[in-house]
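Now for the letters of each chain:
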Amino acid sequence: MAGLGTANDDHGSDIKFVKVIDILSGKVSGRVAVRGWVYRHRSTGAVQFIVIRDSTGAIQTTLKKGEVTDEKFALAEKLHIESSVVVVGDVREDKRAPGGYEIAVRDLKPIHIGEPFPITKDMSEDYLLDVRHLWVRSREQNAVMKVKASVLKAAREWFNMNDFYEVTPPIITPSACEGGATVFAIDYFGNEAYLSQSAQMYLEALIFSLERVWSLTPSFRAEKSRTPRHIVEFWHLEAEEAWVGNGENMKIQEELLSHICQRVVEWNEKELAFLGRDVKSLRSIEPPFPRIKYDEAIEFLQSKGFSIEWGDDFGAREEKALTIEESMPLFIINYPKEIKAFYMKENPEDPRTYLCSDLLAPEGYGEIIGASERETDPNKLIERLKREGANLENYEWYIDLRRYGSVPHSGFGMGIERVVRWLCKLQHVRDAVPFPRTPSRYYP
RNA sequence: GCCGUCGUAGCUCAGCUGGUGGAGCACUCGGCUGUUAACCGAGCGGUCGCCGGUUCGAAUCCGGCCGACGGCGCCA
């Protein structure tokens, strides 16, 4: 509780500020000071109930006529929802209070009496996106942001424990990193540059110095995708590993993701409960994850009545069917070349396919990681780029990486918001971002 | 890009085959000594998305446009 400061009560002595969660968990008692925002305000005339929230939770406070001055009582009646206040009072266990504890207020100081808060009870998804700068205060957004922070913290923790260096690839790039996907162009002192869609190629360059690297960067896709799993700007966690083949690459992914799940369970039990995610299902996420070949996935889908043939890519329906009954994430390996990117390594056992994997989240949430061993033969890369009609000049430096001590290597990219969506059981990835960017929105 | 749904008070919505625009919440005022998104009474609140057409008369019928949302495709 260091650094929370103190507030003068009406007797002139200094009272320590405490966090709401420490009251609700029974850690503190007696006279306390709390600062936060008005979450609910009810009154029966002679008793006012003001629920105050801070970043840790919400607690009911009670004001009774005669226990505070008439001026303070009248002032409290004017507090709109989301007004900021400091209260001083006595912690009391009371079954009538939500959460089991309340504060009997002795003194109350408004810091700012807010204007009427625009968000009330019936709110459309549309409207909440318009007032996102205020909706981020909601319990739901608060819980999701806490889980997301844990995901990032746990990922960094795992990489640090496993000999990876965190690196900082550029966001402004001279060309698209992946063929086909649409890029945002920006004016770069009179030339055209692009916002990064993936750090992968830069990470590939860095393994020759650091061997195992990872990065967390925003990635941008200028596609007018209208689905619950797409946003224009998303946080991309990517890793690249020298001397690692496709199999070990998958081991790294499943260990990383399992660590993230275990930590989120450990750190965010309250938030997960609020979001409706049962902790058991996440606690059981442990290596190894089941893995099936693309061919087997096709056969499975055909047996389920899908009209899909070898060579077709999986759509949302197919991904859902493959994982809706699963409780573990599922690897699908060795996709046909036609539906994957040019930089993947050919599968020596079946040259029609690549040494690659997609990791699908369980319960139908779909792809959260795309991964592969990378092609090391410069001629094969040139040949594939030519076939795609790419401008080879843009890829010269990338081909160069295969000319000076090339080594086998693999890597992957994880969509952070997709992981958070799955962990928090969200309808849409945009709810895993405080200020989502979609084709139709970039405000606020 | 394709398919679908919807635009009425600050918010959520009702408004029938065309005839003087409504409710709940929020807000203001009043009442209530234990409320749980408190409750009760009153008040305030409108360019019915925009443009045009039909009609004595359009929120309502017709046409066009704009915007948002939902689903598919593309992908992390």
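Residues numbered from 1 in each chain as written. Chains lettered and ligands numbered in written order. Predicted model: local features only at pLDDT ≥ 70, side-chain atom pairs only at ≥ 80, totals over all residues. Heavy atoms only, no water.

Draft legend 1. Structural context of the protein's contact with RNA strand B. Residues in contact with RNA strand B amount to 52 residues; listed here are only the nearest, Lys-121, Ser-124, His-230, Arg-418 and Arg-430. Counting only the atoms of RNA strand B within 4 Å of the protein, the fraction contributed by sugar and phosphate is 50%. Between RNA strand B and the protein, one listed contact pairs a base nitrogen with a backbone N or O atom of Gly-45 at 3.4 Å. In the environment of RNA strand B, a base oxygen lies 2.9 Å from a nitrogen or oxygen atom belonging to the side chain of Ser-225. (Near = heavy atom within 4 Å. Polar contact = N/O pair within 3.5 Å; in protein donor to acceptor, adjacent residues only side chain to side chain.)

Draft legend 2. View of helix α5 (residues 139-161). Over its 23 residues, α5 extends 33 Å from the first C-alpha to the last, a length consistent with the 33 Å expected when each residue adds 1.5 Å. Among all positions of α5, only Gln-141, Ala-143, Val-144, Val-147, Lys-148, Ser-150, Val-151, Ala-154, Ala-155, Trp-158 and Phe-159 are buried. Positive phi shows up at Asp-163, right after α5, with a value of about 65°. (Helix = DSSP H or I, 4+ residues; strand = E, 2+ residues; numbered from the N terminus. Expected span 1.5 Å × (residues − 1). Buried < 20%, exposed > 50% of the residue type's maximum accessible area, 1.4 Å probe, protein only.)

Draft legend 3. The domain arrangement of chain A, seen in detail. Domain assignment breaks chain A into domain 1 (6-112) and domain 2 (128-432). Computed from C-alpha coordinates alone, the two centres of domain 1 and domain 2 are separated by 46 Å. Across the contact, 7 residues belong to domain 1 and 5 residues belong to domain 2. Together, the buried faces of domain 1 and domain 2 total about 420 Å²; carbon and sulfur atoms form 36% of this surface. The largest share of the area that domain 1 buries against domain 2 comes from Tyr-39, Arg-53 and Ser-55, three residues that together contribute 59% of it. The interface formed by domain 1 and domain 2 contains 1 salt bridge. Of the charged contacts, one joins Glu-82 and Arg-137 as a salt bridge, the two residues approaching to 2.9 Å between their closest N and O atoms. On inspection of domain 1 and its partner domain 2, the count reaches 3 residue pairs in polar contact (both at pLDDT 80 or more). (Domains from an automatic or database assignment. Contact = heavy atoms within 4.5 Å. Buried area = accessible area lost by both parts, 1.4 Å probe. Salt bridge = Lys/Arg side-chain N within 4 Å of Asp/Glu carboxyl O.)

Draft legend 4. The arrangement of the sheet that holds strand β9 (residues 172-173) in detail. Spatially, β9-β11-β10 is the arrangement adopted by the 3 strands of the open sheet, whose pairing is antiparallel. Here the strands that pair on one side only, and so sit at the sheet edges, are β9 and β10 (185-188). Bridge analysis of β9 against strand β11 (residues 191-195) gives 2 bridges, and the strand direction is antiparallel. Within β11, the residue paired with Thr-173 across the bridge is Tyr-194. (Pairing = 2+ DSSP bridges.)

Draft legend 5. Spotlight on the side chain of Thr-62. Considering the arrangement of structural elements, one finds Thr-62 in strand β5 (residues 57-64). Thr-62 gets classed as buried once you look at its relative accessible area, which sits at 3%. With residues up to four places along the chain from it excluded, the contact list for Thr-62 reads Gln-48, Phe-49, Arg-92, Glu-102, Ile-103, Ala-104 and Val-105.

Draft legend 6. Spotlight on the sheet that holds strand β14 (residues 291-293). Spatially, the 8 strands line up as an open sheet ordered β8-β12-β13-β18-β17-β16-β15-β14, and their pairing is mixed. Edge strands, defined here as strands with exactly one partner in the open sheet, are β8 (165-166) and β14. Of the strand pairs in this sheet, strand β13 (residues 233-242) and strand β18 (residues 409-415) are connected by 7 bridges, and their pairing is antiparallel. Directly across from Ala-239, in β18, lies its bridge partner Phe-412. With respect to the sheet, helix α11 (residues 316-323) is in contact with β14, β15 (330-333), β16 (356-361) and β17 (366-373), its orientation differing from that of β16 by roughly 75°. (Axes fitted to C-alpha atoms, helices over the stretch in contact; angles between N-to-C directions.)

Draft legend 7. Quick look at the side chain of Arg-402. Tracing the sequence through the fold places Arg-402 in the loop between α13 (396-400) and β18. Given a relative accessible area of 7%, Arg-402 falls into the buried group. A distance of 2.7 Å separates the side chain of Arg-402 from the side chain of Glu-204, its partner in a polar contact. Only 2.8 Å separates the side chain of Arg-402 from the backbone oxygen of Glu-375, close enough to count as a polar contact. Setting aside its immediate chain neighbours within four residues, Arg-402 contacts Glu-204, Arg-374, Glu-375, Thr-376, Asp-377, Pro-378, Leu-381 and His-409.

Draft legend 8. A look at the pattern of salt bridges. Tallying each qualifying case throughout the model produces 31 salt bridges. A salt bridge links Arg-277 to Glu-363, with the nearest nitrogen and oxygen atoms 3.0 Å apart. Here Glu-363 lies in the loop between β16 and β17 and Arg-277 lies in the loop between α8 (269-275) and α9 (279-283), a separation of 86 residues in the sequence. Note that Glu-346 is salt-bridged to Lys-337, the shortest N-O span being 2.6 Å. Connected through shared salt-bridge partners, Arg-31, Glu-67, Asp-90 and Arg-106 make up one network.

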